[in-house]
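A structural walkthrough
Given next are the chains, with one letter for each unit.
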Amino acid sequence: MDPRLLDALVKHGALADPAAMDFLSKASDPVAALDRVFSTLQDVPLVLTMDHIRVTEMPLVPESIQRAHLIARRAAEVLAPAAPKLRELGIARDVPEDFRVLRDITGMSTCEGTLGDFSRYFAHRLKALGGMLRTRRELVGAVEIARARKLSREVRFIGMVSEVRTTKRGDRVIEVEDDTDTAPVFVAQSSDLFKDYVLEDEVVGVVGRPTEKGLIIAQQIIRPDVPAHHPFPVTEDPVCVAFVSDVHVGSRTFLTDKWAHFSTWLGGGDELARSIRYLVLAGDVVDGIGVYPRQEEELSIDDVYAQYEELARLLSAVPDHVRVIVLPGNHDAVRPAEPQPALPENVQKLFDSSVSFVGNPCTFTLHGVRILAYHGRSMDDFVYSMPGMSYARPLDGMREMLRRRHLAPIYGGKTPIAPEAEDHLVIGEVPDVLVTGHVHAVGMDEYKGVKIINASTWQAQTAFQKMHNIIPQPARVPVLNLGTGRGIIREF
Ligand code: D5M
Ligand code: FE
Ligand code: ZN
């Protein structure tokens, strides 16, 4: 890797995926090639990919248009004089910590799994997501389902999906339910709506026409979604956050050398390393014990407490000025049902004071940037239930979470959910950053202005993953600049 290329990227606001980095580093003058790409792009993307490079390398964009883009970009910079300053990377050691937990189940769990708990949980989900839908223009005048079923004109209503079934002819019927009644909503195979898959237990708005047989023919199915463009907040502290996940300490497949390489880099690698003020571990921090059948055969440390001791040892090498934030995943030593509380006190006490423990999911802010961190177990349900979803493209699943404003819409699938008084998996206020792990892949992009980051793993392919053809992308670290909202993925 050409260090000048890395520096040049950082100066531009730091962004490029591994393929783009590889391509640029092969140019005779990588820095000039990079400058050329940026000077022709209309907007500086969050992560530079080969798609951007291809566009800028192709003579398809006439020079006059390229110049117009360049002028527009320069003009935008003049209009926003603070921007160049914010693009610079801060020295993390000099920036005081600003970390606040806003929403976390830890210490707040009340659920006992009674029937009452379940109905209260679903009522909260419907109320929270229904409230968001009610503000949508398309759903002005939405009525209760009992009333909608009596009307013969176009109807609008909001409810939770209780069942999705396919008819003999291949069309789809979605049962939508509220406190008053249930309505069968018909989506013809030939309709454009058919491609947009509806999941059980998600909350949707329906615009449709009733038929004489009591079906409602769907004209629109509306998701709570996030606004057209969620603006990234401006902070004066251009420090970075590094996101890692699925360390799986204690597994024979834990990548000791790659972690050591990352840790050494964090301890003083380069300008980017020195700008890292926070390190988020998005769950599965150890491999655990008894998580799947015959796991003991794949463990190098077969005691969960000793696994956390080893993790504590590894994290003690992280520079003291880096605040480490740890959430649990499905391999960790807390209840598997989500929301999961933070790791227990007897585990926490193994770590030094620069490590903070939060629940899964957790909403916190770093310098005012709102981050929603979730291990990502529900990705199993997305992949299993939704055509087109894949373990190799976790960002697609994250977009679907944001559209549905819910981290784990399907109840009773692979993701165990504890029916708490409030649905902690609802994405309430729109986050600036949504981060997950779990699928052992890596990705960084944005959805309507929300940065979406899937943090990768430090575990090589396991026998189970081999059997299921899951190909991990280990030891890649997305780093986000809180000052600019731009990011880069470093590979170790
Ligand atoms: O999950 C690591 C990867 O393996 C992730 O992509 C999900 C997949 N996985 C794990 N368990 C299952 C089951 N039971 N079915 C399907 N796919 C699965 P990790 O949480 O690290 O074990
Ligand atoms: Fe994992
Ligand atoms: Zn996991």
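The structure reproduced in this document is the subject of the present report. (Residues numbered from 1 in each chain as written. Chains lettered and ligands numbered in written order. Predicted model: local features only at pLDDT ≥ 70, side-chain atom pairs only at ≥ 80, totals over all residues. Heavy atoms only, no water.)

Considerations on the coordination of the iron ion (ligand 2)
Looking at the metal site, the iron ion (ligand 2) is ligated by Asp246 (OD), His248 (NE2), Asp284 (OD) and His440 (NE2), spaced 1.8 to 2.3 Å from it. Here the donor residues of the iron ion (ligand 2) share one chain and are spaced in sequence as D-x1-H-x35-D-x155-H. Separation of the iron ion (ligand 2) from the zinc ion (ligand 3) amounts to 3.2 Å, with Asp284 serving as a shared donor to the pair. Within this pair, whereas Asp246 is found in the loop between β7 (240-244) and α9 (256-266), its partner Asp284 is found in the loop between β8 (276-282) and α11 (304-315), the two being separated by 38 residues in sequence. For the pair shown, Asp246 and Asp284 are each scored as buried. (Donors = N, O, S within 2.8 Å, 3.2 Å for Na, K, Ca; no water. Helix = DSSP H or I, 4+ residues; strand = E, 2+ residues; numbered from the N terminus. Buried < 20%, exposed > 50% of the residue type's maximum accessible area, 1.4 Å probe, protein only.)

A closer look at the pattern of salt bridges
Counted according to the given criterion, the structure contains 27 salt bridges. Linking Arg490 and Asp270 is a salt bridge whose minimum nitrogen-to-oxygen distance equals 2.9 Å. Placement of Arg490 in strand β17 (residues 487-491) and of Asp270 in the loop between α9 and α10 (271-274) is noted, with a sequence separation of 220 residues between them. Residue classification places Arg490 among the buried positions, given a relative accessible area of 14%. For Glu429, the salt bridge identified is with Arg370, shortest N-O distance 3.4 Å. Of this pair, Glu429 sits in the loop between α14 (394-404) and β13 (433-436) while Arg370 sits in strand β12 (residues 369-373), placing them 59 residues apart in sequence. We classify Arg370 as buried; its relative accessible area is 17%. What emerges from the salt-bridge pattern is a single network uniting Asp196, Glu202, Arg223, Glu400, Arg403 and Arg404. (Salt bridge = Lys/Arg side-chain N within 4 Å of Asp/Glu carboxyl O.)

Some thoughts on the site of ligand 1
Neighbouring ligand 1 are 14 residues, the closest being Asp284, Asn330, His331, His438 and His440. Measuring from an oxygen atom of ligand 1, one finds a side-chain N or O atom of His248 at 3.1 Å. His440 is positioned such that a nitrogen or oxygen atom in its side chain is 3.0 Å from an oxygen atom of ligand 1. For ligand 1, whose unbound accessible area comes to 460 Å², protein coverage reaches 80%. Of the residues contributing to the shell around ligand 1, the split by class is 4 nonpolar, 6 polar and 4 charged. (Near = heavy atom within 4 Å. Polar contact = N/O pair within 3.5 Å; in protein donor to acceptor, adjacent residues only side chain to side chain. Areas by Shrake-Rupley, 256 points an atom, 1.4 Å probe, with all protein chains shown as cover. Nonpolar A, V, L, I, M, F, W, Y, C, P; charged D, E, K, R; others polar.)

Describing the sheet that holds strand β16 (residues 476-481)
If you walk across this open sheet you meet the 6 strands as β10-β9-β8-β7-β16-β17, and the pairing is mixed. Lying at the two open borders of the sheet, with one neighbouring strand each, are β10 (355-357) and β17. This sheet shows a mean twist of 25° between the axes of neighbouring strands, independent of strand direction. Across 5 bridges, β16 lies against β17 in antiparallel orientation. When the bridges of β17 are listed, Pro478 appears paired with Ile489. (Pairing = 2+ DSSP bridges. Axes fitted to C-alpha atoms, helices over the stretch in contact; angles between N-to-C directions.)

Some details on unusual backbone geometry
Residue Pro339 is reached from Glu338 by a cis peptide bond, and omega for that bond is 0°. Along the chain, Pro339 turns up in the loop between β9 (323-327) and α12 (345-348). In this structure, Pro361 follows Asn360 across a cis peptide bond, with omega equal to 0°. For Pro361, the position within the fold is in the loop between β10 and β11 (362-366). Although it is not a glycine, Arg405 adopts a positive phi angle of roughly 50°. Along the chain, Arg405 turns up in the loop between α14 and β13. Given a relative accessible area of 9%, Arg405 falls into the buried group.

Things to note about the coordination of the zinc ion (ligand 3)
Distances from the zinc ion (ligand 3) to its protein donors, Asp284 (OD), Asn330 (OD1), His375 (NE2) and His438 (ND1), fall within 2.1 to 2.3 Å. Counting residues between consecutive donors of the zinc ion (ligand 3) along the chain gives the motif D-x45-N-x44-H-x62-H.

A closer look at the environment of Val442
Secondary-structure assignment places Val442 in the loop between β13 and β14 (443-447). Owing to a relative accessible area of 14%, Val442 belongs among the buried residues under this scheme. For the pair Val442 and Arg393, spaced 49 residues apart in sequence, the C-alpha separation works out to 8.4 Å.

Focus on the state of the cysteines
Scanning the model with the defined rule gives 0 disulfides in all. Distance from the sulfur of Cys362, which forms no disulfide, to the nearest cysteine sulfur (Cys111) is 19 Å. (Disulfide = S-S within 2.5 Å.)

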